[in-house]
Amino acid sequence: MSTKFLSAKKNYIHKSINNVEHIMLLHDNNIGLIDAIKEVSNANEILKAGSLPRLPKRIIRVQKAISFKTRGTLITAQPGDYIAAYKRANDTSGDYYIAKIPPQVVAMALMRYTNLMKKSTEKEKNHLFDLPTSPILETTFYGVIHMGNADILYDNMNGKTALKKIIRVYKETPIRTCATDNTQKSYTQKIRPGQILALIQNQRGGYNLGFILPEDLTSIKAYYRHQERLLEKQNLLKRLISASQRQRSAS
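Residues numbered from 1 in each chain as written. Predicted model: local features only at pLDDT ≥ 70, side-chain atom pairs only at ≥ 80, totals over all residues. Heavy atoms only, no water.

Focus: the overall build of the protein chain
Put simply, the rule reads: Working definition: helices are DSSP H or I runs of at least four residues, strands are E runs of at least two. Numbering for both runs from the N terminus. Relative accessibility thresholds used throughout: buried, under 20% of the residue-type maximum; exposed, over 50%; partly exposed, between the two (1.4 Å probe, protein chains only). Note on contacts: a residue pair is in contact if any heavy atoms of the two residues lie within 4.5 Å.
Assigned secondary structure in the protein chain consists of four helices and 16 strands. By the burial criterion, 39% of the 251 residues in the protein chain qualify as buried. The long-range share in the protein chain, meaning contacts at least 24 apart out of those at least 6 apart in sequence, stands at 50%.

Below, the structure is given as structure tokens:
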């Protein structure tokens, strides 16, 4: 029997014995165990989602044989096995319940999460609304800021939603907007002090100038923060559907 000892990593000790990776945590709880299993076994992340009753928060699929202890019980997983981390009820320590689960439980969890996400996403879509806009060049919008005629109220150029900036103009300012037809003309609009303007990216990659009433500012900012979270959920939903399809193919 050949034994290869590896140096301690993070919160665990890892050693390889007869082609099985063995993990021993350096403490008596399961905090960090799912990450240690994933790292040592080169596992694939199948699910990483919010915590729902009786559903796993994370599911991984190990690529190497691995052995670990959880709550005094020794568990050995073979390549292709699934390991799940469940949120323990009324526990805020981050100490998850770790278990090996069969493929049919994985499929059930993915299906339930997918259905819940679809329902939630469709319900939230009903809250969409649009701002009145005019096409504008991005440089024109920035010109108002650079002239010192406006304050920036919202800046999220790297965000996932269409809303990129909100400014409040405090000097009377002329601003050039583009025609909405194919004439390629531009028009000068007079922006009055106190007017709130938004820079909104359209689906073609160009920009529109949005006009916001001051009394709507708080709700619009809250709405777009909500949209950021919704897009994150939609991305998770796409990953869940993809994982479900791979799971059905593997069954």
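Details of helix H1 (residues 33–41)
Basically, it comes down to this: The arc in question is traced by the directions running from the helix axis to the C-beta atoms.
Within H1, burial applies to Leu33, Ile34, Ala36, Ile37, Val40 and Ser41. The buried residues of H1 all sit within an arc of 160° when viewed along its axis, so they share a single face. Elements in contact with the buried residues of H1: strand E2 (12–17), strand E3 (20–25), strand E5 (58–61), strand E6 (66–70), strand E8 (82–86) and strand E9 (97–101). Asparagine 42 lies just past H1 and shows a positive phi near 55°.

Regarding the nonpolar core
Let me state the cut-off plainly: We call a set of buried residues a nonpolar core when its members are Ala, Val, Leu, Ile, Met, Phe, Trp, Tyr or Cys and they connect through side-chain atoms within 4.5 Å of each other.
If you look at the biggest cluster of nonpolar residues, it comprises 19 residues, and the most contacted ones within it are Ile23, Ile37, Phe68, Ile83 and Ile98. If you list the elements that add at least two residues to this core, you get E3, H1, E6, strand E7 (73–77) and E8. Considering every element that reaches this core, the biggest residue donor is H1, with five residues. With residues near it in sequence (within four places) discarded, isoleucine 37 still touches Ile23, Asn42, Ile60, Val62, Ile66, Phe68, Ile83 and Ile98. Grouped together as the second largest cluster of nonpolar side chains are 16 residues, Leu47, Ile59, Tyr113 and Leu236 included.

Observations regarding the pairing of E8
Where we set the bar: Should DSSP find at least two bridges between two strands, the strands are taken to pair.
Counting buried positions over the five residues of E8 gives five, a clear majority of the element. With burial as the criterion, each face of E8 is covered, one bearing Tyr82, Ala84 and Tyr86 and the other bearing Ile83 and Ala85. Summarising the sheet, E5 and E8 pair through four bridges and their orientation is antiparallel. The residue of E8 that forms the bridge with arginine 61 is tyrosine 82.

Topic: helix H3 (residues 138–146)
Looking only at H3, the buried set comprises Phe141, Tyr142, Val144 and Ile145. The arc that holds the buried residues of H3, viewed along the axis, is 145°, so those residues lie on one side. Away from the buried face of H3 by more than 90 degrees, exposed residues Thr139 and His146 are located.

Focus on unusual backbone geometry
Positive phi, normally seen in glycine, also occurs at asparagine 18, with a value near 50°. In this fold, asparagine 18 is placed in the loop between E2 and E3. With a phi close to 55°, arginine 71 is a non-glycine residue in the positive phi region. Within the secondary structure layout, arginine 71 lies in the loop between E6 and E7.

Focus: the side chain of glutamate 21
Cut-off, in case you're wondering: Counting rule for charge: Lys and Arg are taken as positive, Asp and Glu as negative, and neither His nor the chain ends is counted. Just to be clear on terms, a salt bridge is a Lys or Arg side-chain nitrogen sitting within 4 Å of an Asp or Glu carboxyl oxygen. We define a polar contact as two N or O atoms separated by no more than 3.5 Å, with the added condition that, inside protein, one atom must be a possible hydrogen donor and the other a possible acceptor, whereas residues neighbouring each other in sequence contribute only through side-chain atom pairs.
Relative to the helices and strands, glutamate 21 is located in strand E3. Here glutamate 21 sits buried without a salt bridge, and the closest side chain of opposite charge, lysine 64, lies 4.9 Å off (N-O distance). There is a polar contact of 2.6 Å between the side chain of glutamate 21 and the side chain of histidine 14. The contacts of glutamate 21, once residues within four sequence positions are left out, are His14, Lys15, Ser16, Val40, Lys64, Ala65, Ile66 and Ser67.

Quick look at the sheet that holds E5
Here is the rule: Between the N-to-C directions of two axes lies an angle of 0 to 180 degrees, each axis being a line fitted to C-alpha atoms and, for a helix, fitted only over the stretch in contact.
Taken in spatial order, the four strands of this open sheet run E4-E5-E8-E9, and their pairing is antiparallel. The strands lining the two open edges of the sheet, one partner per strand, are strand E4 (44–48) and E9. Between one strand and the next, the sheet's axes are offset by a mean angle of 20°, whatever the strand orientation. Here five bridges tie E8 to E9, and the two strands are oriented antiparallel to one another. Looking at the pairing, tyrosine 82 lines up with isoleucine 101 of E9. Where H1 meets the sheet, it contacts E4, E5, E8 and E9, and its direction lies at approximately 20° from that of E5.

Digging into a nonpolar patch on the surface
The criterion, for reference: Patches in this entry comprise residues that are over 30% relatively accessible and not in a salt bridge; like charges within 9 Å are linked, as are nonpolar side chains (Val, Leu, Ile, Met, Phe, Trp, Tyr) within 5 Å. For the accessible areas, the method is Shrake-Rupley and the probe is 1.4 Å, while residue cover comes only from the protein chains on display.
Taken together, the side chains of Ile13, Met24 and Leu26 define a hydrophobic patch exposed on the protein surface, amounting to about 270 Å² of accessible area. If you trace the backbone, isoleucine 13 turns up in strand E2. Taking the relative accessible area as the measure of exposure, isoleucine 13 reaches 30% and is therefore partly exposed.

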